[in-house]
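# Secondary and tertiary structure notes
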Amino acid sequence: MKKILYSLALAVTFWSCKTGSTGTAKSNTVEVNINLTDVKDDKVLVTVTPPAIKTDEIVYSIPKTVPGTYSTDNYGKYSEDFKAFDAKGNPLTVKRIDDNSWSISNAKTLKKITYLVNDTFDTEKGTGFGNDDVFSPAGTNIDAGKNFMLNTHGFVGYFQDKLDVPYKVTVTHPETLWGATSMTDQDASNTSDIFTTSRYAILVENPIMYSKPDYTTFNVNGMDILIAVYSPTGKYTAESITPEMKTMMTAQKNFLGKVNSTKKYTVLLYLSSAAKDDAHGFGALEHPTATTVVLPESMSKEKLVEAMKDVVSHEFFHIVTPLTIHSKEIQFFDYNAPKMSEHLWMYEGVTEYFANLFQINQGLIDEAEFYTRIADKIDQAKSLDDTMSFTLMSKNVLEQPYKDQYLNVYQKGALIGMCIDIIIREKSNGERGILDLMHKLSDEYGVEKPFNDDELFAKITSLTYPEVGEFLNKYVAGTTPIPYDFYLAKVGVTKATEKKPGNPFIKGQTPNITIDKATKEIAVRPESESIEFFKSLNLKGGDKILTVNNKSYNLDNIYDLITESENWKENDPITLKTKRGTKEETIKGTVKLPYEEAETFKATDASKEKLKNAWLKG
Ligand SMILES: [Zn+2]
């Protein structure tokens, strides 16, 4: 998974001060029908025909959590009107045990169950941060006639102890909508698709997005790639982002080498209007042969492609870990009583590190850009708890206070990967790095062969150097903050500074604008009036910003304003309608971005050039 700390996410601070404004069973197969044709009240009818049941009671569960999300989401909460019937259509007694499970009596006579599913997108309250919303790429969307995001675990459950029986899922859908997925439709009909999987876990790994067909397909080194896009206003098409995706995925395959044997890979991109009843958790979730991505449609082409490169590459690298290399907790995943592994530093951290390293390795970004990214990660890791044991956090990530530190997997987690890479490069005279280690681990373990959580460090040490083991014990299991400068110095890289343009409305974690609780209007924070952007437009603290470039903004679409502002360049013309007291005014001017001194790194030690090149280009 990758959650994006897009500056939108920081708008969560606005919400915290809001004023309540949000408001036929044969044999041994589970057969499921998902009816996307007759949507009533924004709900989808699911009908499940069980395999033969031999007990008097049977429990049917929808997941509490799914792999890759590391959060408790209770997908069963979105299902209602759960009914069970015998062969004559008589109702059986059903008891709801908790948010996710129903117990059915007289189960030997059970013929079918039905229930209605609500989607998660239109119940999301915030940004996917600091609240308990289902992260959008793991969520579901029901927008009759337009778009259905079927993260299958949101619609389909499993019978207790029957996770390993085959599934046959029939989706009936309007003729105008096409289902994009890595699964193969076994039905020739234009209004019905049939998908079969050998067990529940494989169904969960195969999301399907139904929308007006907008997709491209291409082949990269023997792998068939499908890119499907849903863009509500039609701003973007699959075609419009395919060249960049093709370049990026080719580079990934070249970087990865022999690890990956996936034959088909599907990218499902859902672009959100970011309106109140639409998705707000931006980022993506990984699967062995697919990824679901949710981003705001208001992003500029440049930012969208940039985000897709970062996010899709991250998800794709998950094929290495945890999809290939993982512990028993992941292999024997319990959807309703999950146990977490200690090794998020590897599953998410090394994955995120690869998603950056391959870009410099394959020439998609230059050295300066790579160092800026490393410096950003160090900076963001500082705002999190640097003395919390990473393995302890990982093991307990579903609970507080560990849960709030999860985002550090993309920051410190990636930096852990970098330091290990540098140690291995130094010890091997540049010949090997962490990618080589991951190849060895995937030879040792694999999709069907998990490791024990507590044996991984010893295994890694035996495959590399004692120094790697010491690093893992001291800085990953231990509570000592990592001295990044020390490791970067090994490859001749030292601290430097650069000037970077910031966002006029947010600096770091602090917004420069606020909300008038009574009217929902956006106002300049008095503490922020000295910012060049406001000064040059003659705005003072407390001034209301009513429109920007002729579009109206308030609390309800404040996200749009911030995404829109991410596209601004220095000296772009800008027109604002403002209000000071009761006096409205139209102001014309130009955009003055705030510039900040930011830390970065630079190669300064020529004697380490060879090792540095092996690290970045090897
Ligand atoms: Zn991830």
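Counting from 1, residues in each chain are numbered in the order their sequence is written. Per-residue local features of the predicted model are confined to residues with pLDDT of at least 70, and side-chain atom pairs are confined, for both listing and counting, to 80 or more; whole-chain, interface and lining totals are unaffected and use all residues. Side-chain descriptors were evaluated using all non-hydrogen atoms of the structure, hydrogens and water having been removed beforehand.

## Looking at the overall build of the chain
Numbering of helices and strands runs from the N terminus, with a helix taken as a DSSP run of H or I at least four residues long and a strand as a DSSP run of E at least two residues long. In terms of regular secondary structure, the chain is built from 16 helices and 31 strands. Throughout this description, buried means an accessible area under 20% of the type-specific maximum (1.4 Å probe, protein chains only), exposed means over 50%, and partly exposed covers the range between. Within the chain, buried positions represent 58% of all 618 residues. Put simply, the chain shows about 24,600 Å² of open surface, and 49% of that area lies on carbon and sulfur atoms. Neither His nor the chain ends is counted toward charge; the positive residues are Lys and Arg and the negative residues Asp and Glu. The atom standing in for a charge is NZ when the residue is Lys, CZ when it is Arg, CG when it is Asp and CD when it is Glu. Separation of charge centres in the chain, based on 71 positive and 84 negative side chains, amounts to 0 Å. Every accessible area reported is derived by Shrake-Rupley at a probe size of 1.4 Å, with residue values counting cover from the shown protein chains alone.

## Digging into unusual backbone geometry
Pro322 follows Thr321 through a cis peptide bond whose omega is 10°. Take Pro322: it is sitting in the loop between helix H4 (301-317) and helix H5 (328-331). Residue Pro401 is bonded to the preceding Gln400 through a cis peptide linkage, with omega at 0°. One non-glycine residue, Asn429, adopts positive backbone phi at about 55°. Along the chain, Asn429 falls in the loop between helix H9 (412-427) and helix H10 (434-444). For Asn429, a relative accessible area of 63% gives the class exposed.

## Details of the packing of H9 against helix H12 (residues 466-477)
Axes are the key here: two packed helices are described by the angle between their axes and the distance separating the axes. Packing of H9 against H12 brings their axes to within 10 Å, and their N-to-C directions diverge by 160°. Relative to H12, the element H9 is oriented roughly antiparallel. For the crossing formed where H9 meets H12, the hand is right-handed. Taking contact as the criterion, the partners of Lys412, Ile416, Cys419, Ile420, Ile423, Ile424 and Lys427 in H9 are, on H12, Glu467, Val468, Phe471, Leu472, Tyr475 and Val476. Only Asp, Glu, Lys and Arg are considered charged, only Ala, Val, Leu, Ile, Met, Phe, Trp, Tyr, Cys and Pro nonpolar, and every remaining residue, Gly among them, polar. Residues that form the contact of H9 with H12 fall into these classes: ten nonpolar, no polar and three charged. Between the N-to-C directions of two axes lies an angle of 0 to 180 degrees, each axis being a line fitted to C-alpha atoms and, for a helix, fitted only over the stretch in contact. Note on terminology: angles under 35 degrees are roughly parallel, angles over 145 are roughly antiparallel, angles of 65 to 115 are roughly perpendicular, and the others are oblique. In this scheme, a crossing is called left-handed if the near helix is turned counterclockwise away from the far one by less than a right angle; it is called right-handed if the turn is clockwise. Only heavy atoms matter for contacts: two residues are in contact if any of them lie within 4.5 Å across the pair.

## Things to note about the layout of surface pockets
Where empty space is left in the structure can be found by rolling a water-sized probe over the atoms. Space inside the second largest pocket adds up to approximately 1,000 Å³. Both site types are read off a 1 Å grid over the protein atoms alone. A 1.4 Å probe that fits but cannot get out defines a cavity, while an open set with protein on both sides within 12 Å along at least five of seven lines defines a pocket; lining residues have an atom within 4 Å of a point. In this structure, the second largest pocket is lined by 41 residues; those nearest its centre are Arg199, Glu205, Pro288, Leu323 and Val447. Elements with a minimum of two residues in the lining of the second largest pocket: helix H2 (200-204), H5 and helix H6 (344-361). Tallying contributions element by element places H5 first for the lining of the second largest pocket, with three residues. An automatic or database domain assignment provides the domain bounds reported here. Taken domain by domain, the makeup of the lining of the second largest pocket includes at least three residues from each of domain 1 (9-205) and domain 2 (320-492 + 606-618). Grid points are joined across faces, edges and corners, and a volume is the space filled by probe spheres set on the points.

## Considering the UniProt feature "domain: Peptidase M61 catalytic" (unreviewed entry) in the chain
The UniProt record marks residues 310-416 with the feature "domain: Peptidase M61 catalytic" (unreviewed entry), using the residue numbering of this structure. Helix makes up 53% of residues 310-416 and strand 0%, with an end-to-end C-alpha separation of 18 Å. UniProt positions are given in the numbering used here, feature names are shortened, and annotations may be inferred rather than shown by experiment.

## Examining the environment of Thr586
Here Thr586 lies in strand S30 (residues 583-590). Residue Thr586 is classed as exposed on the basis of its relative accessible area of 52%. The spatial distance from the C-alpha of Thr586 to the C-alpha of Thr547 is 9.1 Å, given a sequence separation of 39 residues. When sequence neighbours within four positions are dropped, the list of residues in contact with Thr586 reads Thr575, Leu576 and Lys577.

## Let's talk about helix H16 (residues 609-617)
Every buried residue of H16 is accounted for by Leu611, Lys612, Ala614, Trp615 and Leu616. Check the buried side of H16 and you find it contacts H6, helix H7 (367-382), H9, helix H13 (484-489), strand S22 (493-501) and strand S31 (595-603).

## Digging into the sheet that holds strand S21 (residues 290-296)
We treat two strands as partners when DSSP finds at least two bridges between them. Strands sit in the order S1-S20-S21-S19-S18-S17 across an open sheet of six strands; the sheet is mixed. Sheet topology places strand S1 (2-3) and strand S17 (215-220) at the edges, where each strand pairs with a single neighbour. Looking at chain direction, strand S18 (residues 223-230) and strand S19 (residues 264-272) are connected through seven bridges and run parallel. Opposite Asp224, over in S19, you have Lys264 as the bridge partner. Set on the sheet, helix H3 (residues 238-256) makes contact with S17, S18 and S19; between it and S17 the angle comes to about 20°.

## So, the confidence of the model for the chain
pLDDT measures how confident the predictor is about each residue, on a scale from 0 to 100. When pLDDT is averaged along the chain, the result is 91; 94% of the residues meet or exceed 70. Per-residue pLDDT stays below 50 along residues 7-26; that stretch engages in 47 contacts with residues further than four places along the chain or on separate chains.

## Topic: the nonpolar core
In this description, a nonpolar core means a group of buried Ala, Val, Leu, Ile, Met, Phe, Trp, Tyr and Cys residues linked to one another through side-chain atoms lying within 4.5 Å. Counting 164 residues, the largest nonpolar core has Ile34, Leu295, Trp345 and Trp615 as its most contacted members. With eleven residues, H6 is the single largest residue contributor to this core. For this core, the domains that each give at least three residues are domain 1 (9-205) and domain 2 (320-492 + 606-618). In this structure, Ile34 is in contact with Val44, Leu45, Val46, Leu150, Phe155, Val156, Val169, Thr170, Val171 and Thr172, ignoring residues within four places of it in sequence. In terms of nonpolar packing, the next biggest core, distinct from the first, is built from 24 residues, Ile522, Leu561, Leu576 and Val591 among them.

## Section: the domain arrangement of the chain
Taken as a whole, the chain is organised into domain 1 (9-205), domain 2 (320-492 + 606-618) and domain 3 (503-593). With centres defined by C-alpha atoms, the gap from domain 2 to domain 3 works out at 40 Å.

## Details of the packing of aromatic side chains
By convention, a stacked pair of Phe, Tyr or Trp rings (six-membered ring in the case of Trp) has centres within 6.5 Å and planes under 30 degrees apart, an edge-to-face pair has planes over 60 apart, and any other such pair is tilted. Counted by the stated rule, this structure contains 36 aromatic pairs. Judged by centre distance (5.5 Å) and plane angle (50°), the rings of Tyr167 and Tyr200 are tilted. Of this pair, Tyr167 sits in strand S13 (residues 167-172) while Tyr200 sits in helix H2, and the two are 33 residues apart along the sequence. Members of the aromatic cluster, joined through ring pairs, are Tyr60, Phe82, Trp102, Tyr115 and Phe159.

## Some words on the pairing of strand S29 (residues 573-580)
With four bridges joining them, strand S27 (residues 544-548) and S29 adopt antiparallel strand pairing. Each residue of the ladder has a partner; that of Ile545, found in S29, is Thr578. Sheet analysis places S29 next to S30, joined by eight bridges and oriented antiparallel. Note on S30: the bridge partner recorded for Thr575 is Lys588.

## Some words on the environment of Thr292
For Thr292, the position within the fold is in strand S21. In the structure, Thr292 is positioned 24 residues away from Leu268 in sequence and 4.8 Å away in space, judged by C-alpha atoms. Not counting chain neighbours up to four residues away, the residues in contact with Thr292 comprise Pro137, Met149, Asn151, Pro207, Leu268, Gly283, Ala284 and Leu285. Side-chain atoms alone can form a polar contact between residues adjacent in sequence; in general such a contact is a pair of N or O atoms within 3.5 Å, and within protein one must be able to donate a hydrogen while the other accepts it. Of note is the side chain of Thr292, whose polar atom sits 2.7 Å from the backbone oxygen of Pro137.

## Comments concerning the sheet that holds S13
Taken together, seven strands build an open sheet; the order of strands is S6-S5-S9-S3-S2-S13-S15 and the sheet is mixed. The sheet terminates laterally at strand S6 (91-92) and strand S15 (192-197), the two strands that pair on one side only.

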